[in-house]
Amino acid sequence: MIQDKEGMIRIEQSSGKTPGRLMEIAGKAVSEALGKVLREGSSILILAGNGNNGGDGAVVCRMLAGRFSVQIAYVCGEPKTREARAAYRKVDPACIVSVNDLSEALRHADAIIDAVYGFSFHGPLDPEMKKLFRAVNNSGKPVYSIDLNSGCEADTGHCDSDAVRSKITYALDCYKPFHLLRKDHQKFQQCELLSLGLPHEGPSRYREMDEDLFFANFPKKSETAYKGSLGKALLISGCYGMAGAAGLNILGAETVGIPYLHAAMPEEIYAPLASRFLTPVMHPFGHESWYEVLEPLIHQATAIGFGSGAVYMDHKSQILDLILQNSKVPVVLDAEALRLLQHNTYILRFAGAPVILTPHIGEFSAISNLPEDAIRDNRLKTALDFASDYKVIVVLKGPNTIVASPSGEVYINQTGNQALSQAGSGDVLTGMMTAMLAMTRDVFTAVCMAVWLHGYLAELGTKNHSMQNFRLETYPELMDELFRKHGL
Ligand SMILES: NC(=O)C1=CN([C@@H]2O[C@H](COP(=O)(O)OP(=O)(O)OC[C@H]3O[C@@H](n4cnc5c(N)ncnc54)[C@H](O)[C@@H]3O)[C@@H](O)[C@H]2O)[C@@H](O)CC1
């Protein structure tokens, strides 16, 4: 389960266990995990803060003493919470090292345990702490962080530039958003979830997706199925010079096995697409005919994707208006459609159907009017704010793609690799997403499924193909293997 600070406090309160008891459970779980990775008899320095994360550190100190040579330094002064004070009182005074002797202790230690800040940390680090964490990061010693790397925020994933870097971070009971944004901040090499055995019945606004969940939600064809029974996806994309984008849209939709696909494109790229793809119904449109061709299609589709490779598409602005003002079904806006939204985001307010935007960070900067650095520092919050302001689903693409809904639901994707950082990979995603939306009732679920699958197939593909030269054209055959594995 994924929870933020508020959710963790709710779980803690409904567990029926006192905070002191929970601290004992957490300290024991961390001690057992550390016992498996630390060399017997080695020197360990625990850096403890003045909150409950420091309290966990004190419990670990007590439990590891005897097997290891353990020292603990209270780097933020006396413990402040009742439980942390109680844990402190049980520490052998001989283990406590004064902050004046910290440099020496750091030099002498074989390993460092980071228990300075946990999920309550927010905002910037003060200069003293920055200096200490820089020394820790430059020490070359293995660092093990309890719950979170100190200097990083649990809920936003924002990390101070000097936040502690660890070899292993032990997430307590639940992953926090910070742990899932690992590719963004790269603060830990490895993250291990330690169960504290707490009840997880309550709600979480953080969605999860894996192979089992994907197939549990994937719509199956019944014996009485006909071509339109799983919906009808409509892709409007491409232009002269960018026929490939429309082709990759189609490839993405075909990957998930959409039984009824309609593809509309400028007539000058119709011939190459029609000779490459046999199953979609093609709707070429020209300078004069665009409205007559597209208007009825928009009313017949169960999901629409627009914008991939549409740079030189005639009437692209009018087409965007036509879709937003007429569609009653989910609309995915990609690439050129996002560019059309620059300084024009108000048109999103006219949409009468769910709208999904799929920007990468540059596109998101352009439509949100925020500098790229500000977005990079706080991807989760900026995506959520935009989603809530404009009542759209934001798919902020990146190493850990974020899906944010207007009501505050979040999915942080874990699949994918650098094989996907190539032109055309977003076009495939748009095709997949439009098809998933056409076939699946729940809009947010369909979007998360497409994002997950897009990355997962790249992971499967790069087991047998190179990372450098991974071909998007292999997607349908990779998916075919997955379908067969799940009996579809
Ligand atoms: N709720 C739970 O389920 C459990 C929580 N436990 C531990 O408790 C931790 C949370 O403890 P706390 O809420 O006491 O707080 P923390 O230990 O996360 O933080 C310590 C103190 O630092 C302060 N602080 C925040 N930002 C700061 C900044 N920029 N500069 C300086 N100080 C700052 C906080 O206000 C807090 O008083 C968890 O991460 C976990 O390690 C465990 O003991 C047991 C189970």
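Rules used in this analysis
Residues numbered from 1 in each chain as written. Predicted model: local features only at pLDDT ≥ 70, side-chain atom pairs only at ≥ 80, totals over all residues. Heavy atoms only, no water. Buried < 20%, exposed > 50% of the residue type's maximum accessible area, 1.4 Å probe, protein only. Helix = DSSP H or I, 4+ residues; strand = E, 2+ residues; numbered from the N terminus. Pairing = 2+ DSSP bridges. Near = heavy atom within 4 Å. Polar contact = N/O pair within 3.5 Å; in protein donor to acceptor, adjacent residues only side chain to side chain. Areas by Shrake-Rupley, 256 points an atom, 1.4 Å probe, with all protein chains shown as cover. Nonpolar A, V, L, I, M, F, W, Y, C, P; charged D, E, K, R; others polar. UniProt positions renumbered as here; feature names shortened; annotations may be inferred. Axes fitted to C-alpha atoms, helices over the stretch in contact; angles between N-to-C directions. Salt bridge = Lys/Arg side-chain N within 4 Å of Asp/Glu carboxyl O.

Caption draft 1: Molecular detail of the pairing of strand β3 (residues 111-115). When you tally the buried positions in β3, you get five out of five residues, the bulk of the element. Taking every second residue as pointing to the same face, both faces of β3 are buried, with Ala111, Ile113 and Ala115 on one and Ile112 and Asp114 on the other. Pairing analysis gives five bridges linking strand β1 (residues 43-48) to β3, with the strands arranged parallel. Pairing of Leu47 across the sheet is with Asp114, part of β3. Relative to strand β4 (residues 143-146), β3 is paired through three bridges, and the arrangement is parallel.

Caption draft 2: Here's a closer look at the site of the ligand. In the neighbourhood of the ligand, 20 residues make up the surrounding shell, with Glu12, Asp56, Gly118, Ser120 and Asp147 lying closest. Asn52 is positioned such that a nitrogen or oxygen atom in its backbone is 2.8 Å from an oxygen atom of the ligand. Asp147 is positioned with one of its side-chain polar atoms (N or O) 2.7 Å from an oxygen atom of the ligand. Protein contacts shield 84% of the accessible area of the ligand, which totals 880 Å² for the unbound molecule. When contributions to the shell around the ligand are tallied by element, the ones reaching two or more residues are α1 (5-14), α2 (19-37) and α3 (52-64). Residue composition of the shell around the ligand, by class: nine nonpolar, seven polar and four charged.

Caption draft 3: Main features of the UniProt feature "domain: YjeF C-terminal" (unreviewed entry) in the chain. The UniProt feature table records "domain: YjeF C-terminal" (unreviewed entry) at residues 210-488. For residues 210-488, helix accounts for 46% and strand for 13%, while the C-alpha atoms at its two ends are 17 Å apart.

Caption draft 4: Examining the sheet that holds strand β2 (residues 69-74) more closely. The strand order β2-β1-β3-β4-β5-β6 describes an open sheet built from six strands, whose pairing is parallel. One side of each edge strand has no neighbouring strand; the edge strands of this open sheet are β2 and β6 (188-194). Going from strand to strand, the sheet's axes swing by 20 degrees on average, the running direction of each strand aside. Direction of pairing for strand β5 (residues 166-172) relative to β6: parallel, over a ladder of six bridges. Following the sheet pairing, Ala171 is matched in β6 by Leu193.

Caption draft 5: How the structure looks around the pattern of salt bridges. The tally for this structure, following the rule as stated, stands at 22 salt bridges. Between Lys28 and Glu32 there is a salt bridge; the shortest N-O distance is 3.1 Å. Here Lys28 and its partner Glu32 are both found in helix α2, four residues apart, which amounts to about one turn of the helix. Judged by relative accessible area, which is 44%, Lys28 ranks as partly exposed. The exposure class assigned to Glu32 is partly exposed, which follows from its relative accessible area of 47%.

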